[in-house]
Amino acid sequence: MSDSKDARQKLDRLVDALIRDVDALSDEELTEEVAADGDVEKAINQVKDLVESAIAESGRRRLTRARRAYEAVTAKDRPKVMQLPLSRKKALVTKFADSSRFPEKLTLAARNADNTEADVDGLLQDLLELGIVDDEGNLR
Amino acid sequence: VTPKKTVLDGPEFIAALRALSPTDRLRLRKKAKYRALGSGMEGDDLLHEAVLRTLEEDGRKCPTDVALPIYLDNAMRSIADGERAKYKRELPDGVGQGQDGPLATALDPAPSPADAALARIVLAEVLDSLQQSFGDDPQALAVIIGDIEEWSADDVKDMEGMDDKQYAAARKRVRRAIERKFGTRENP
């Protein structure tokens, strides 16, 4: 074997020969071989499941890409304060919670150390809508 | 004038997949095991990947004038070839470097350089296993060498003095042994 391409071709030739042998099997011979290794119906269903799993995974990937594309577009229109790092947003919410203008019903939620980013974003969104902070996160 | 479609779109491809006959499915799975040879992948994973990549927006597509099982086999061949490149990088040093015997001599009479190309290393690893599996079965070894060197069936039969029945039986032994030995993830 003189080079890697030659080696790869030889491996391909072996596999191609095996594939031709499979193509030459009648449906009956094929089924007999599969039966010798186990349950034929189970094998057929496993391939079916495998295909359906690939179809489902493809759908999930498309959905994820679509969501990311949507988020990328909407992120441009989001207030600057919403685009800050989570640690900075948490610090702002805690600071606002100490303000006398902070709505009492939000204070407890704002001081919860276990708030997720979605929780913090929700609080900031409330403050923006109430006009308590501006787009950049300053108290009005 | 609407241009003639040359490839199946996603829904058409999915419909064609779901319309595969039971024996189409069994045949594809068997082929996937062989296509995975030396790739480090399991046959089922290879078939799954072939379907998945076709469904990617920018993935390869099934031509409308190619039967789906043929397209999937070609896709698996291409993916396995690419995977061998990745798999080679994960092989420990020395794997596939020490084989000898009729298969290795027929396939690689020259010593491997330190920077042996990936196909040589992967093939050598496969050969190590084939050598062990068929070391005491010269008829099976002759079939493998014949396939790799593209010898005619008559040449292979002459090499070991096989008649048609013995040749067919040796081919089947090789195919079934490779299917069982290399069709799972634990093996190369």
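What you are looking at is a predicted structure, and each value in this text was computed from that prediction instead of being measured.

Definitions and limits used
Residues numbered from 1 in each chain as written. Chains lettered and ligands numbered in written order. Predicted model: local features only at pLDDT ≥ 70, side-chain atom pairs only at ≥ 80, totals over all residues. Heavy atoms only, no water. Contact = heavy atoms within 4.5 Å. Buried area = accessible area lost by both parts, 1.4 Å probe. Salt bridge = Lys/Arg side-chain N within 4 Å of Asp/Glu carboxyl O. Polar contact = N/O pair within 3.5 Å; in protein donor to acceptor, adjacent residues only side chain to side chain. Helix = DSSP H or I, 4+ residues; strand = E, 2+ residues; numbered from the N terminus. Nonpolar A, V, L, I, M, F, W, Y, C, P; charged D, E, K, R; others polar. Core = buried A, V, L, I, M, F, W, Y, C linked by side-chain atoms within 4.5 Å. Buried < 20%, exposed > 50% of the residue type's maximum accessible area, 1.4 Å probe, protein only.

Some points on the interface of chain B and chain A
Contacts between chain B and chain A engage 51 residues on the former and 45 residues on the latter. A buried area of about 4800 Å², summed over both sides, lies between chain B and chain A, and 60% of it is on carbon and sulfur atoms. If you sort the residues of chain B by the area they bury against chain A, B:Arg25, B:Leu26 and B:Arg27 come out on top, with a joint share of 14%. Residues B:Lys30 and A:Glu33 are paired through a salt bridge, measuring 2.7 Å at the closest nitrogen-oxygen approach. Taken together, chain B and chain A are joined by 21 residue pairs in polar contact (both at pLDDT 80 or more). For the side of chain B that touches chain A, the secondary structure elements donating two or more residues are helix 1 (10-18), helix 2 (22-35), helix 3 (43-55), helix 4 (68-90), helix 5 (102-107), helix 6 (118-134), helix 7 (138-149) and helix 9 (164-182) of chain B. When residues of the side of chain B that touches chain A are assigned to their parent elements, the largest contribution, 10 residues, is made by helix 2 of chain B. For the side of chain B that touches chain A, the residue count by class is 24 nonpolar, two polar and 25 charged.

A closer look at the nonpolar core
Counting 27 residues, the largest nonpolar core has B:Phe13, B:Leu17, B:Leu68 and B:Leu72 as the members making the most contacts within it. Mapped by element, the contributors of at least two residues to this core are helix 3 (40-77) of chain A together with helix 1, helix 2, helix 3 and helix 4 of chain B. Counting residues per element, this core draws most heavily on helix 4 of chain B, which supplies seven residues. For B:Leu68, the contacting residues outside a window of four places in its chain are B:Phe13, B:Ala16, B:Leu17, B:Leu20 and B:Cys62. Counting 25 residues, the second largest nonpolar core, distinct from the first, contains B:Phe134, B:Ile148, B:Val156 and B:Phe182.

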